[in-house]
Amino acid sequence: MAQETIDIDYVANLARIALTDEEKERFSGQLGQVLDYIEKLNTLDVSGVEPTAHAFPLENVWRADEPEPGFPVETALKNAPAVRDNMVVVPKVVE
Amino acid sequence: MAETLHYRTATELGRDLESGAVSSEEIVRALIERTRAVEDTVGAFLSCDEDDALARARESDERRARGERRGPLDGIPVGIKDILAVEGQPLTCASRMLANFVSPYDATAIRKLKATGAVPWGRLNMDEFAMGSSTENSSVKITANPWNPECIPGGSSGGSAACVAAGEAPLSLGSDTGGSIRQPAALCGVVGMKPTYGLVSRYGLVAFASSLDQIGPFARTVEDAALLLQAVAGHDDRDSTSFKTEIPDYRRELSQRRGPWKLGIPKEYFGEGVDPEVEKAVRAAIEFYRSEGCEIVDVSLPHTEYAIGVYYIIATAEASSNLARYDGVRYTHRSKEAADAIDLYFKSRAEGFGPEVKRRIILGTYVLSSGYYDAYYLKAQKARTLIRKDFLDACRKVDAILTPTTPAPAFRKGEKADDPLRMYLNDIFTSSGNLAGIPGISIPCGFSESGLPIGLQILGRPFEEAELLAIAHRFEQAHDYHTRHPDLT
């Protein structure tokens, strides 16, 4: 059987993950096998079947629109990798 | 009593506390001692805040001295999978990405647990972000199967199962996306239950695949599992997918629901691919129920063969979206090598995620990407409809379905580590339950000749946990598998 191939550079770029050449080669092979296995789905006729996103579809779940206290700034920033003046520091995004 | 305290059940410990035979502090101290004795072999814990546990135990003892008791779990330690937020405790998901993360809040399940007086006990090892079936994908350590340390404990909640089997905790909480409670429970010889999707709030459970994830209990007896489920079940405004449904008194229902039950045996879960020792043990369990007057009928779940494929499309698609939040910016590992803001995402994610998480994000991104969405993701969602219908149709004819939990007993460490597809097939009997959203429980039903535990899975109708627990309890009452413990000395 022809093995399905993933354009690993394209997908890794979409997923924002830098992969090494070794990872690219290994994952391509392994995921090709997984996709071959998944090909079995092509033998299943799903015409006229509605998709299921959730086992128990719920609609319009409301709660009272009452303000509740959130985290204080210090708590919210406690796990941030770099902080200055109550803000998360990030690399420059505009020139 | 001290030398056997660590293998007393939560129910027994509750009675001991009630009678004054033991204090909560003594229980925690006994577990500290037990953990020190066996943890080098088992490796179930990622961390353990012993001082916090002792402080909460003393609070429980003081309450009791004043004549207050919050419930049957007051003063009982409960191990916590390192994927559930406990305020002030690490929350790492066994990932380098969250190696330094400390949770600023309690998950709803933890808040409810604390309200019952139970004592959160340690952070338990798992496959990174709950992705795996052996706990070998933890970035921190490998956990051993207490019955044979050369073997894996199952996963992804391997630490939660192993610590209960090893007497390091009477109870623990885990999460189950495709079998991550039931499969390790089966492989470690303990009770593990995945409740109906929506019974337990997912608020504060780090998301893997949001339409499949569910929190559930591990215990050494069905009665103990019922107590822990009781503590965490119920609607929560903070999880809009949690159901507004009446929660029965699970422990009381154990003795009130007496059957005889009509039990379905799906032919797709037996025969080729199932280890003969597993099949023999499960068939013997079926015969037990028949001898108890239960009607045993054949049922068919015709779309079973598609379940693993459907599961790995839907779960990875949802994961690729959920794990986009780990971006190196706000609360995660941040690469020190990044050239600019975009490079920060690429490098932080490359450094923070382990191989299995990367593989699944790549697969999930692929099945959602332009040109493949209809062929994979949409098709899988339609197949999910058929898998769910299989179960609902079958459950109209029977009270519950009996199957093996896993196709084979625990495998050796490293055996499948480099073969993702073979690893994925471990979930073949459990992932359908998540796709259908129905509850399932695994209980010990025997041992292989080499001494490894075998699990019986009981699947049932949505929100019929009480029925499943009663059916499981009946088996346990007539067998002694739950009283056997691994030799770790």
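Source: prediction; values computed, not measured.

What counts and what doesn't
Residues numbered from 1 in each chain as written. Chains lettered and ligands numbered in written order. Predicted model: local features only at pLDDT ≥ 70, side-chain atom pairs only at ≥ 80, totals over all residues. Heavy atoms only, no water. Helix = DSSP H or I, 4+ residues; strand = E, 2+ residues; numbered from the N terminus. Core = buried A, V, L, I, M, F, W, Y, C linked by side-chain atoms within 4.5 Å. Buried < 20%, exposed > 50% of the residue type's maximum accessible area, 1.4 Å probe, protein only. Contact = heavy atoms within 4.5 Å. Salt bridge = Lys/Arg side-chain N within 4 Å of Asp/Glu carboxyl O. Pairing = 2+ DSSP bridges. Axes fitted to C-alpha atoms, helices over the stretch in contact; angles between N-to-C directions. Phe/Tyr/Trp six-rings, centres within 6.5 Å; stacked < 30°, edge-to-face > 60°. Lys NZ or Arg CZ within 6 Å of the ring centre and 35° of its normal.

Draft legend 1. How the structure looks around unusual backbone geometry. Residue and element names in this part refer to chain B. Cis geometry marks the peptide bond from Gly155 to Ser156; its omega dihedral reads 10 degrees. Within the secondary structure, Ser156 sits in the loop between strand E3 (119-124) and helix H5 (158-165). A cis amide bond, omega -5 degrees, links Gly259 with the succeeding residue Pro260. Structurally, the position occupied by Pro260 is in the loop between helix H8 (250-256) and strand E7 (262-266).

Draft legend 2. Inspection of the nonpolar core at higher detail. Residue and element names in this part refer to chain B. Ranked by internal contacts, the top residues of the largest apolar core, which has 142 residues, are Leu73, Leu113, Phe129, Leu173, Tyr289 and Ile458. If we ignore the near neighbours within four places in the chain, the residues touching Leu113 are Leu73, Val78, Ile80, Ala118, Leu173, Leu228, Ala231 and Val232. If you look at the next biggest cluster of nonpolar residues, it comprises 34 residues, including Leu54, Leu124, Cys151 and Leu452.

Draft legend 3. View of the pattern of salt bridges. Residue and element names in this part refer to chain B. Under the criterion given, the structure shown has 36 salt bridges over all chains. Between Asp176 and Arg182 there is a salt bridge, and its shortest N-O distance comes to 2.9 Å. The two residues Asp176 and Arg182 agree in class, both being buried. Across the salt bridge formed by Arg257 and Glu464, the nearest N and O atoms sit 3.4 Å from each other. Placement of the pair is Arg257 in the loop between H8 and E7 and Glu464 in the loop between strand E11 (453-460) and helix H16 (465-477), with a sequence separation of 207 residues.

Draft legend 4. The arrangement of the environment of Glu136 of chain B in detail. All names here are of chain B. Here Glu136 is to be found in the loop between E3 and H5. We classify Glu136 as buried; its relative accessible area is 14%. Sequence-distant contacts of Glu136, that is, excluding residues within four places in its chain, are made with Asp127, Ile142, Ile152, Phe411, Lys413, Gly414, Ala417 and Met423.

Draft legend 5. A look at the sheet that holds strand E6 (residues 214-219) of chain B. Residue and element names in this part refer to chain B. The eleven strands are arranged E1-E3-E2-E4-E6-E5-E10-E11-E9-E7-E8 in an open sheet whose pairing can be described as mixed. Bordering the open sheet on either side are strand E1 (45-47) and strand E8 (295-299), each of which pairs with just one other strand. When strand polarity is set aside, the average angle formed by the axes of neighbouring strands in this sheet is 35 degrees. Of the strand pairs in this sheet, E1 and E3 are connected by two bridges, and their pairing is antiparallel. Paired with Ser47 across the strands is Arg123, a residue of E3. Where helix H7 (residues 222-232) meets the sheet, its contacts fall on strand E2 (77-81), strand E4 (171-176), strand E5 (191-194), E6 and strand E10 (440-447), and the angle it forms with E6 comes to roughly 145 degrees.

Draft legend 6. Representation of helix H4 (residues 108-115) of chain B in the model. Among the residues of H4 of chain B, Thr108, Ala109, Ile110, Leu113 and Lys114 of chain B are the ones counted as buried. One or two positions beyond H4 of chain B, positive phi appears at Gly117 of chain B, with a value near 90 degrees.

Draft legend 7. How the structure looks around the packing of aromatic side chains. Residue and element names in this part refer to chain B. One pass over the full model with this rule turns up 24 aromatic pairs over all chains. Summarising the aromatic geometry, the rings of Phe129 and Tyr326 are spaced 4.8 Å apart at their centres and angled 45 degrees between planes, so their arrangement reads as tilted. With Phe129 in the loop between E3 and H5 and Tyr326 in the loop between helix H10 (307-322) and helix H11 (341-352), the pair connects residues that are 197 residues apart, well separated along the chain. A relative accessible area of 2% means that Phe129 is categorised as buried. A network of ring pairs unites the aromatic residues Trp147, Phe288, Tyr289, Phe447, Phe475 and Tyr481 as a single cluster. In this structure, Arg283 packs its charged tip against the face of Phe270, placed 4.2 Å from the ring centre. Over the face of the ring belonging to Phe411 we find Lys416, whose NZ or CZ atom lies 4.3 Å from the ring centre.

Treat this as a map of the structure, not an account of what it does.
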